[in-house]
Amino acid sequence: MKNLDIILKEIERKGNLVNYHFTVSREIEKFFTTDTLFVEYDRDVTDVPDSILAIPFVSSLLAISWVLDCNLWVREIDKTFYDGVPNIREAYREIYDHFPLKGRFVPAILARNEMPASKLPSTRALLLFSGGADCQATFIRNLQKSPMLCNIQGWYKSLEDKDIAADADKRDISSFAREYNVPTCFVRSNFARVISDLFDQKYHKAIGDTMWHGFLHSMAFIGIAIPVAYQAGISEIMIASSLTIGLNFYCASNLTTDSAFQYAKEGFVTHDGFELNRQGKMEVIVKHQKATGKPFFMRVCSFHDHNCCECEKCFRTILGIVAEGGDIKDFGFNIEGSLKEHWEQVLYRRAGLMSFKSEKFIHWPHIKKKMLENYDRIEDKEFVDWFLSFDFDKAKKQGLKRYYRQNFFSILKRKLHL
């Protein structure tokens, strides 16, 4: 069988912009949308050595090289990072033990980098940060490290793209960082769009997950953050856990996978909060807000410039805040009037299109337990009583019937054109 290759041809530097020009074997071109991966930092990175600057490229394409059984070639790579790659792959092999992760990572030069002197003496960690519940709990638990908040947006098609949600993230995270006197870093990239939809169409069923959820949203984030951490002399990169101990779901971000990353001799990655379920994190957040007595920024909507208060993630977070006896308005959830009436209306309109399957088993049991434990301290008992007794399965079935009835002709027309 012919060898398949992904080859990094050139790392092009333009101040704060890095273009990774690469080629792939003709047989696998269909799985790529472009031959250039770009990463735009908010600072000049021309002083970062190629062996460190190659890490974002490798981290973004390593998983697809495993799945497609390719050779991934680069001219130069940091030796500490290279030495950790077998451990990274082995950690993913344990997760996807039903699918062979093969391929080879082949650098020409191994550079023995060491961490430079710190440029931010009071900052002892870099935290991958979106403003959501997971990373906010990690931020609070590590306030003593004055962590740099690093926000990475990977869904750009080009540098000319505009993203309202990403712009709002930058605005609100900057304001939050000023309040806590911690540094920030903002990054734009196309790493989430380099691999085509055809890849998931072909491999989703066999792998059991998408490239984004199953690999990229951890590996690429960590890899893209490494040049920033290295340049600032920060040896610890922190990523908040998405899951908790005891949950065996496919997910890119895991204690075993994330902690296998290393760089520049002393650099390491901490996967924080794995011992806490989501409600445990909400307890950390609400307690902190009550202790300070000030509003606390949270953004759980990934594709809005505010918390929409109509999606599953908003619903889950509002439930968690209420269960801890918090006021949702203190966390950026602005709903006028009764919470019960609001969510009754939302579910009437959208229940047929909303999936609560995983939440009912992963998050809701912990939320319900806390609601019962804290019942006497919760002000909005009407909302709690409604949630604890509401039949979501029935609401979903009724919502689907309404949706099909109201959209019958458009659905039929769409199916006839397939």
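The text that follows walks through the structure, step by step, so that each part is easy to find. (Residues numbered from 1 in each chain as written. Predicted model: local features only at pLDDT ≥ 70, side-chain atom pairs only at ≥ 80, totals over all residues. Heavy atoms only, no water.)

The strand order across the open sheet built from 11 strands is E5-E4-E1-E2-E3-E8-E7-E6-E9-E11-E10, with neighbouring strands paired in mixed fashion. Single-partner strands in this sheet number two, and they are strand E5 (104-111) and strand E10 (262-263). In the sheet, strand E4 (residues 71-78) pairs with E5 via 7 bridges, with the strands oriented parallel. What sits directly across from Asp 78, in E5, is Ala 111. Set on the sheet, helix H5 (residues 164-180) makes contact with strand E7 (148-153) and strand E8 (184-189); between it and E7 the angle comes to about 180°. (Pairing = 2+ DSSP bridges. Helix = DSSP H or I, 4+ residues; strand = E, 2+ residues; numbered from the N terminus. Contact = heavy atoms within 4.5 Å. Axes fitted to C-alpha atoms, helices over the stretch in contact; angles between N-to-C directions.)

Glancing now at helix H2 (residues 55-68). Over its 14 residues, H2 runs 20 Å from end to end, which matches the ideal 20 Å to within 8%, given 1.5 Å per residue. At Leu 61, H2 shows its largest kink, close to 40°. When you tally the buried positions in H2, you get 14 out of 14 residues, the bulk of the element. (Expected span 1.5 Å × (residues − 1). Bend = angle between axes of the 7 residues up to and from the residue. Buried < 20%, exposed > 50% of the residue type's maximum accessible area, 1.4 Å probe, protein only.)

This next bit is on the pattern of salt bridges. Tallying each qualifying case throughout the model produces 24 salt bridges. Where Arg 349 meets Glu 310, a salt bridge forms, and the shortest distance between an N and an O atom there is 2.9 Å. Taken as a pair, Arg 349 in helix H11 (residues 339-350) and Glu 310 in the loop between helix H9 (278-292) and helix H10 (312-323) lie far apart in primary sequence, 39 residues in all. A single network of salt bridges, built from pairs that share partners, joins Asp 169, Arg 171, Asp 172 and Arg 299. (Salt bridge = Lys/Arg side-chain N within 4 Å of Asp/Glu carboxyl O.)

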